[in-house]
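# Residue-level structural notes
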Amino acid sequence: KTVVKGRIQPIDIIDLQMGEEQLYIFNIIGWGLVTDAGIKAEYIRWMGQSRYTVTAALEVFIKKRRPAKLTINNQVIDDDFLFVIACNTKHTGKGMKMAPKAELNDGLIDIIVVRDATRLALFNLLPKVFDGSHVDHPNLEYFQANEFFMESENNDLLNLDGEIGGS
């Protein structure tokens, strides 16, 4: 409706390179726990919107960390991570305010990183994702960048705008 009325504005698009494959993403790129939860959520669609919360809680119990090298604004972080999610928009996964500082047209990608935390800390963090207050948690790092790189020896799947694919 907005486009038909002529009220348009440019938005940022993520240019994603995965080896020889190039994709354009407008919302999120998720890796680790957030992708694992998304994969499992597909198996319990009958639960409706709460399926993401349920599968995220399950992944907190599993607490699988993965090694990777993440470069953000020329800062290299070589570590094990629970998850990394790059967001172009504030919201993801049915009402989760994952990146409260994100703007669709600021030229930046908001990157949320959790390397490690206790299960209790992660459970305390989960409800805060819905109002954006999770970004103040000491186990979470929040970056804004115009470019980032991630390398992993694993062939883990990615969450690309809600679709599972790539690696």
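An account of the accompanying structure is given in this report. Computed from a predicted model, the values in this text were never measured in an experiment. (Residues numbered from 1 in each chain as written. Predicted model: local features only at pLDDT ≥ 70, side-chain atom pairs only at ≥ 80, totals over all residues. Heavy atoms only, no water.)

### A short note on the nonpolar core
Core analysis: the largest hydrophobic core is formed by 22 residues, its most contacted members being Phe83, Ile85, Cys87, Ile112, Leu122 and Leu140. Going through the elements one at a time, helix H1 (33–41), strand E6 (83–87), strand E7 (109–114), helix H3 (119–125) and strand E8 (140–145) are the ones with two or more residues in this core. When near neighbours in sequence (up to four residues on either side) are disregarded, Cys87 contacts Asn27, Ile28, Met98, Ala99, Ala102, Ile109, Asp110 and Ile112. (Core = buried A, V, L, I, M, F, W, Y, C linked by side-chain atoms within 4.5 Å. Buried < 20%, exposed > 50% of the residue type's maximum accessible area, 1.4 Å probe, protein only. Helix = DSSP H or I, 4+ residues; strand = E, 2+ residues; numbered from the N terminus. Contact = heavy atoms within 4.5 Å.)

### A short note on a nonpolar patch on the surface
Nonpolar side chains collect at one region of the surface, where Ile11, Ile13, Tyr24, Phe26 and Leu104 lie side by side and expose about 490 Å² of accessible area between them. Ile13 gets classed as partly exposed once you look at its relative accessible area, which sits at 46%. (Patch = residues over 30% accessible without salt bridge, like charges linked within 9 Å, V, L, I, M, F, W, Y side chains within 5 Å. Areas by Shrake-Rupley, 256 points an atom, 1.4 Å probe, with all protein chains shown as cover. Salt bridge = Lys/Arg side-chain N within 4 Å of Asp/Glu carboxyl O.)

### Overview of the side chain of His134
Relative to the elements of secondary structure, His134 occurs in the loop between H3 and E8. A distance of 2.9 Å separates a polar side-chain atom of His134 from the backbone oxygen of Met98. Ignoring sequence-local partners within four residues, the contact set of His134 consists of Lys97, Met98, Pro100, Leu125, Lys128, Val129 and Leu140. (Polar contact = N/O pair within 3.5 Å; in protein donor to acceptor, adjacent residues only side chain to side chain.)

### Overview of the pattern of salt bridges
On inspection of all chains with the given rule, the structure shows ten salt bridges. Asp79 is paired through a salt bridge with Arg65; the nearest N and O atoms lie 4.0 Å apart. Highlighted residues: Asp79 in strand E5 (residues 75–81) and Arg65 in the loop between helix H2 (51–62) and strand E4 (66–72), separated in sequence by 14 residues. The structure contains a network of salt bridges with shared partners spanning Lys63, Arg65, Asp79, Arg115, Asp116 and Glu141.

### So, the packing of H1 against H2
Taken N-terminus to C-terminus, the directions of H1 and H2 make an angle of 130°; their axes are 8 Å apart at the nearest point. Classified by the interaxial angle, the pair formed by H1 and H2 is oblique. Once H1 is placed against H2, the crossing between them reads as right-handed. The segment H1 lies against H2, with Leu33, Asp36, Ala37, Lys40 and Ala41 engaging Arg51, Tyr52, Thr55, Ala56, Leu58, Glu59, Val60 and Ile62. By residue class, the composition of the contact of H1 with H2 is eight nonpolar, one polar and four charged. (Axes fitted to C-alpha atoms, helices over the stretch in contact; angles between N-to-C directions. Parallel < 35°, antiparallel > 145°, perpendicular 65-115°, else oblique. Left-handed = near helix turned anticlockwise from the far one by under 90°. Nonpolar A, V, L, I, M, F, W, Y, C, P; charged D, E, K, R; others polar.)

### Here we look at the environment of Leu70
Mapping Leu70 onto the fold places it in strand E4. When its relative accessible area of 0% is taken as the criterion, Leu70 is described as buried. Separated by 81 residues in the primary sequence, Leu70 and Glu151 place their C-alpha atoms 6.5 Å from one another. Among residues more than four places away in sequence, those in contact with Leu70 are Gln75, Val76, Ile77, Phe81, Val84, Val113, Phe148, Phe149 and Met150.

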